[in-house]
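Per-entry structural report
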Protein chains: 2
Amino acid sequence: MEEVKNIIDKLSCPLLVNDYETITMSHGGGGKIMGNLIDKMILQFLSNDFINEKHDGAVFLTDGHRLAFTTDSYVINPIFFPGGDIGELAVYGTVNDLSMCGAKPLYLSLGLILEEGFVIKDLEKIIISVKNACERTGVKIITGDTKVVEKGKGDKIFINTAGIGIVKDDINISPSRVEEGDVVLLSGDIGRHGIAIMTTRENLDFESKIKSDCAPLNDIVQKLLESGIDIHCLRDLTRGGLGSALNEIASKAKVEIEINEIHINVIEEVKGICEILGFDPLNVANEGRFIAFVKKKDAAKALKILKEEEDGKYASIIGVVKKKSLKIENGKKENGIVILKSILGTNRILDMLSGEQLPRIC
Amino acid sequence: MEEVKNIIDKLSCPLLVNDYETITMSHGGGGKIMGNLIDKMILQFLSNDFINEKHDGAVFLTDGHRLAFTTDSYVINPIFFPGGDIGELAVYGTVNDLSMCGAKPLYLSLGLILEEGFVIKDLEKIIISVKNACERTGVKIITGDTKVVEKGKGDKIFINTAGIGIVKDDINISPSRVEEGDVVLLSGDIGRHGIAIMTTRENLDFESKIKSDCAPLNDIVQKLLESGIDIHCLRDLTRGGLGSALNEIASKAKVEIEINEIHINVIEEVKGICEILGFDPLNVANEGRFIAFVKKKDAAKALKILKEEEDGKYASIIGVVKKKSLKIENGKKENGIVILKSILGTNRILDMLSGEQLPRIC
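Remember, it's a predicted structure, so these values are computed and weren't measured experimentally. Throughout, residues of each chain are indexed from 1 in the direction in which the sequence is written. Chains and ligands are labelled by the order in which they are written, letters from A for the one and numbers from 1 for the other. The predicted nature of this model means local features are confined to residues of pLDDT at least 70 and side-chain atom pairs, given and counted, to a pLDDT of 80 or more, with totals for whole chains, interfaces and linings taken over all residues. Hydrogens and waters are ignored; side-chain quantities use all the structure's heavy atoms.

**A closer look at the sheet that holds strand β2 (residues 66–74) of chain A**
- If DSSP finds at least two bridges between two strands, the strands pair. Numbering of helices and strands runs from the N terminus; a helix is a DSSP stretch of H or I covering at least four residues, while a strand is a stretch of E covering at least two. Strand order across the open sheet formed by five strands is β6(A)-β5(A)-β7(A)-β2(A)-β1(B), with mixed pairing between neighbours. The sheet is open, and its two edges are formed by β6 (140–149) of chain A together with β1 (58–61) of chain B, each paired on a single side. Taken pair by pair, the neighbouring strands of this sheet meet at an average axis angle of 20°, ignoring direction.
- Judged from the ten bridges that link them, strand β5 (residues 104–115) of chain A and strand β7 (residues 157–166) of chain A form a sheet pairing that is antiparallel. Following the sheet pairing, A:Leu112 is matched in β7(A) by A:Ile159. Between N-to-C directions, angles span 0 to 180 degrees; the directions come from axes that are lines fitted to C-alpha atoms, helices contributing only their stretch in contact.

**Thoughts on the relation of the copies chain A and chain B**
- Overlaying chain A with chain B gives an RMSD of 0.0 Å, the required rotation being 180° about an axis along which the chain moves by 0.0 Å. The two molecules are tied by a two-fold rotation axis, judged by turn and shift. In terms of proximity to the rotation axis, the leading residue of chain A is A:Gly154, whose C-alpha is 2.1 Å off the axis.
- We call two residues in contact when some of their heavy atoms are within 4.5 Å. In this assembly the copies share their binding face: 100% of the residues contributing to the interface of chain A also contribute to that of chain B. For this overlay, a least-squares fit was computed on C-alpha atoms, restricted to residues scoring pLDDT of at least 70 in both copies.

**Things to note about the domain arrangement of chain A**
Residue and element names in this part refer to chain A.
- An automatic or database domain assignment is the source of the domain bounds shown. When the domains of chain A are assigned, the result is domain 1 (57–167) and domain 2 (175–349).
- One C-alpha centre belongs to domain 1, the other to domain 2; they are set 25 Å apart.
- Between domain 1 and domain 2, the contact holds 20 residues from the first and 22 residues from the second.
- Three residues stand out in domain 1 for area buried against domain 2, namely Pro82, Asn96 and Met100, and they jointly supply 35% of the buried area on that side.
- The working definition used for a salt bridge is a side-chain nitrogen of Lys or Arg within 4 Å of a carboxyl oxygen of Asp or Glu. Counting every contact that joins domain 1 to domain 2 gives zero salt bridges.
- Whenever two N or O atoms come within 3.5 Å, that pair is a polar contact, provided that in protein one can donate a hydrogen and the other can accept it, and provided that, for residues adjacent in sequence, both atoms are side-chain atoms. Here domain 1 and domain 2 share five residue pairs in polar contact (both at pLDDT 80 or more) between them.
- Of all the elements in the fold, those that place two or more residues in the side of domain 1 that touches domain 2 are α4 (86–100), β5 and α5 (120–137).
- Broken down by element, the residue count for the side of domain 1 that touches domain 2 peaks at eight residues, all from α4. The buried area of a pairing is the accessible area, by a 1.4 Å probe, that goes missing from both parts when the two are put together, added over both.

**Here we look at the confidence of the model for chain A**
All names here are of chain A.
- For chain A, mean pLDDT is 90; residues scoring 70 or higher make up 91% of the total.
- The predictor's confidence in any single residue is recorded as pLDDT, a number from 0 to 100. A low-confidence stretch, residues 1–16 stays under pLDDT 50, and its non-local contacts, those more than four residues away or across chains, total 31 contacts.
- Complex prediction metrics read pTM 0.92 and ipTM 0.92.

**What about the environment of B:Leu112?**
All names here are of chain B.
- With respect to the helices and strands, the residue Leu112 is situated in strand β5 (residues 104–115).
- Note: C-alpha distance between Leu112 and Tyr74 (38 residues apart in sequence) is 9.8 Å.
- Apart from residues lying up to four places away in sequence, Leu112 is in contact with Ile42, Leu123, Ile127, Asp145, Thr146, Lys147, Ile157, Phe158 and Ile159.

**Things to note about the sheet that holds strand β12 (residues 316–324) of chain B**
All names here are of chain B.
- With mixed pairing, the seven strands of this open sheet are ordered in space as β9-β11-β8-β12-β10-β13-β14. Here the strands that pair on one side only, and so sit at the sheet edges, are β9 (231–236) and β14 (347–349). Averaged over all adjacent pairs, the angle separating strand axes in this sheet is 25°, with direction ignored.
- Relative to β12, strand β8 (residues 183–186) is paired through four bridges, and the arrangement is antiparallel. Following the sheet pairing, Val183 is matched in β12 by Val320.

**Comments concerning the pairing of strand β10 (residues 255–260) of chain A**
Residue and element names in this part refer to chain A.
- The buried fraction of β10 amounts to five of the six residues, a majority that puts the element mostly inside the structure.
- Where β10 meets strand β13 (residues 337–341), five bridges bridge the pair, whose relative direction is parallel. Counterpart to Glu258 in the pairing with β13 is Ile339. Type-normalised accessible area, obtained with a 1.4 Å probe on protein chains alone, sets the label of each residue: buried when under 20%, exposed when over 50%, and partly exposed for intermediate values.

Next up, the structure:
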């Protein structure tokens, strides 16, 4: 029987991934062709004891009893961009979200939605990029899923990663811990990711090619945590940029945050392109930048740690938390607010954008 | 300042979800319009202490030290079908994958990829369906993400859920535990989900409308576990159906599984449509059916428990594990094999499908 099956296999199924140049609907059908894609592509690169089990899920042991859980779908266009690609973005993005909870990232899931006609060589590049990003950040992909949709019902590749990390008992990082007197630190210059995506997508031919700041933040967050600084809140500056992150925290913590524009670093090339295109760098997305809220007494120490990082020369203290916001007249709700002191010395409300400036930047 | 902000808000932003009938790119932009969609739509229905924090991830406590982790993306077309919709499918599917690991499902993440132009009333229906499915299965959505892609770059809505569950210390469910002498149980009739999707999608007008078997399996699995039966392996019968599930396990456990066609229940309506369309029910997807591998001595007890279920009247013992597969002549690898004893008494290899029979059924 075995031999018969073997012969049938060989005769009827030229199944190697190499036999296909692009994704077909069969690659999502749950049959041999899909199994072969998973084996030859995903498992070849992402092999580990958990995922090799090919069970419906992965079972892992943990000695911690506080865990962080997060998810993001990545629909970035283009999938390859200066300074990164959708594969590493999908790992770093979720690793960063875990880091923002004060967690040490451990395990990731990987959900792929592939469009019929997607080039398999590109998929391979992306999976290798996922593998490298996992190795760099010390996380493992332990469970996954692959779906295929018809041409015109997707866009090459969408990736979802969910992540699990472990949070030490004494760590408590949350917008609700932000309080009057806290100092706001920014981990570097802003706007590079969004502008890199924008200029690539629109084929804008500027002299200097701006690279995305796409990078993992787990190491620097671990350093801050291990330094003994009591971090009140962390937030990475993705969609909506610094402006959205500050507003979200102000609103959740119901505080007034005052920011000094002069201390927010934007490299000249980004500043120039923003001026030409009419973007405000404060609202442009980043993929390797975050803000930290700490007590005033810890601010200098935190800044020193940020500046010691390879990419940390533009880290800065950008503002302070002024006070709990006042109750609004009608008494129905409290709101947070962000005040920007401009370079010219004027004050203005840094409001959240209404809609979007740059779609599909992550 | 507060008042000014309030006035600005009112003047410049008719932001209520009600002001939009369909999803726009702005709903994924990270600004106010997106925040409003999340607040008025997602959080209104899925509110809990974790997700309300609106942090980059959720931190939860666990007293167990063995956890299961799984993920699936749902790209089913149509999103509403007889017997269910993509929302409950996205909850049940992931709850079921956790159950197949022997885990008690606890927490889910929810990642939405919405297409520009998607009808917001439909999104609301789906979120309510997610909410109801969570309540039925006792799981909580504790973290999430929403992305929007341009019209023609997605298909209404794709949902990714990842799930975390807790596995008791004495439970060990895995394909590698399947051994000679094990009995294979099937939890009900097969083929209903795939045929329900197919006939709806293709507008096939059969007299009787077949409903999907879409259902959560966590309760029945808990009952089996609590009965003291040592379950060797569980697998739900989604893409590729019973045929793929048996082949995957045979291949992973390197055994020969012998199945009796006469014991596999298929309702007459499904049988009829399969004959007309040329499908084999063994390869048609289910969303509320699973197979269980147990020792022979436990088989009758397990069957009794399955039959006591509301939807369990078609549960049956369908086969046995015959032996470890022999090494193949060239010595390079061992393979598993599934033998189907047909109703006519003949034996044939039940091979895995090569590609796909019905795309996008989950």
